[in-house]
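Chain by chain, the residues run as shown.
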Amino acid sequence: MTCPRRAALYLPASNPRAIAKARTLIADVMILDLEDAVAPEAKADARAAAVAAIDEGGFGMRELVVRANGLGTGWGADDLAALAAAKPDAILVPKVSDAADVAIYVERAGGVPVWAMVETAGAVLRLDAIAAVPGLAALVMGTNDLAKDLRMRPGADRLPMHGFLAATVAAARAHGRIALDGVWNAIDDAAGLAAECAQAVAFGFDGKTLIHPGQIDACLAAFRPSAAEIAAAEAIVAAFAQPGAAGKGAIRHAGGMVERLHLAEAEALLARAKE
């Protein structure tokens, strides 16, 4: 069974209490941030803290990912060197614009899987090439930076961004990569978070990035198949298991026709429900 990445929580690597708490939270992925969440004067200490956290372990089944600073900054090269040696589960890299950028990070990562932020105008224009780079494991929407780069005003429904969200999922699926949605900024707006998580599910994302532990439960609930979805999937599997369905590509079921592709979808959903 593949590891689920439904809820991926950003935590500042400069905050030792946050790192300690990460070992107790139920998110699937912990992303120790060396980039946006860390002040310039704290970058070196945050890097050391992230390496220490990797060495210490204790995160259980949670994936431990570290977001590095970009190679175009004064900290990126040192981040990549330290993380390549420490070997977290993945290194998340920011501000890529094309496949060449990603290939450089993959080389510097020393065999550690690379996750790439999709947060620049260049990236959304070159998603297929970026997703095709060997060594890349995931595409992660950076919706705040993308909106800034495009001078976009997405609004609560993110309508101007829909095409980029769908294209990111398509690129990930085409190349067997994970696709994670961007963050919901209003940590006190539970209804808005639930709506955006549901939207992420509708677009086909594997999960969503988060900025507060209080967002984890809602995210997991959104990406977990509902009781009704499980029941419907079980019914399709049972229908194809009937003797009369043997050798058939499509059968009548629940007032309509279902094909073998629907069987595959039902089996995949039931597998996710067990994660």
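A. Broad picture of the overall build of the chain. Looking only at helices and strands, the chain has 12 helices and 10 strands in total. For the chain, whose C-alpha radius of gyration is 20 Å, the value lies close to the compact-globule estimate of 19 Å for 275 residues. With the C-alpha coordinates aligned to their principal axes, the bounding extent of the chain is approximately 70 × 40 × 40 Å. Within the chain, buried positions represent 46% of all 275 residues. Counted over contacts in the chain with a minimum sequence separation of 6, partners at least 24 positions apart contribute 64%.

B. Broad picture of helix α10 (residues 216-223). Taken together, the buried positions of α10 are occupied by Ile216, Cys219, Leu220 and Phe223. The buried residues of α10 occupy one face: seen down the axis, they fall within an arc of 95°. Against β1 (7-12), α9 (190-203) and β8 (207-210) lie the buried residues of α10.

C. Just the sheet that holds β1, in detail. Pairing in this closed barrel of 8 strands is parallel, and the strands run β1-β2-β3-β4-β5-β6-β7-β8 around the ring. If you compare each strand with its neighbour and ignore which way they point, the axes differ by 25° on average. Bridging between β1 and strand β2 (residues 29-33) involves 5 bridges; their strand directions are parallel. Pairing of Tyr10 across the sheet is with Ile31, part of β2.

D. Spotlight on unusual backbone geometry. A positive phi is found at Arg151, a non-glycine position, where the angle reads about 55°. Mapped onto the secondary structure, Arg151 falls in the loop between α7 (143-150) and α8 (162-174). Its identity as a non-glycine residue notwithstanding, Arg158 has a phi of 55°, on the positive side. What makes Arg158 buried here is its relative accessible area of 4%.

E. Structural context of α9. With 14 residues, α9 extends 20 Å from end C-alpha to end C-alpha; this agrees with the ideal 20 Å at 1.5 Å per step. When we look at burial in α9, the residues that qualify are Gly192, Leu193, Glu196, Cys197, Gln199 and Ala200. Taken around the axis of α9, the buried residues stretch over an arc of 160°, which confines them to a single face. Opposite its buried face, α9 presents the exposed residues Ala190, Ala191 and Ala202, each directed more than 90 degrees away.

F. Examining the environment of Gly70 more closely. Within the fold, Gly70 resides in the loop between β3 (63-67) and α3 (76-86). Classification of Gly70 as buried rests on a relative accessible area of 10%. Separated by 26 residues in sequence, Gly70 and Val96 place their C-alpha atoms 8.4 Å apart. Those residues in contact with Gly70 that sit more than four places away from it in its chain are Gly76, Pro94 and Tyr105.

G. Focus on the pattern of salt bridges. Scanning all chains against the criterion turns up 15 salt bridges. The shortest N-O distance in the salt bridge between Lys95 and Asp145 comes to 3.8 Å. Separated by 50 residues along the polypeptide, Lys95 in the loop between β4 (90-93) and α4 (99-108) and Asp145 in helix α7 bring together distant segments of the chain. For Lys95, a relative accessible area of 35% translates into the label partly exposed. Take Asp145: its relative accessible area is 21%, and that puts it in the partly exposed class. Beyond isolated ion pairs, a larger network of salt bridges with shared partners links Asp33, Glu35, Asp36, Arg67, Lys95, Glu119 and Asp145.

Criteria and thresholds
- Residues numbered from 1 in each chain as written.
- Predicted model: local features only at pLDDT ≥ 70, side-chain atom pairs only at ≥ 80, totals over all residues.
- Heavy atoms only, no water.
- Helix = DSSP H or I, 4+ residues; strand = E, 2+ residues; numbered from the N terminus.
- Rg over C-alpha atoms; globule rule 2.2 N^0.38 Å.
- Buried < 20%, exposed > 50% of the residue type's maximum accessible area, 1.4 Å probe, protein only.
- Contact = heavy atoms within 4.5 Å.
- Arc of directions from axis to C-beta.
- Pairing = 2+ DSSP bridges.
- Axes fitted to C-alpha atoms, helices over the stretch in contact; angles between N-to-C directions.
- Expected span 1.5 Å × (residues − 1).
- Salt bridge = Lys/Arg side-chain N within 4 Å of Asp/Glu carboxyl O.

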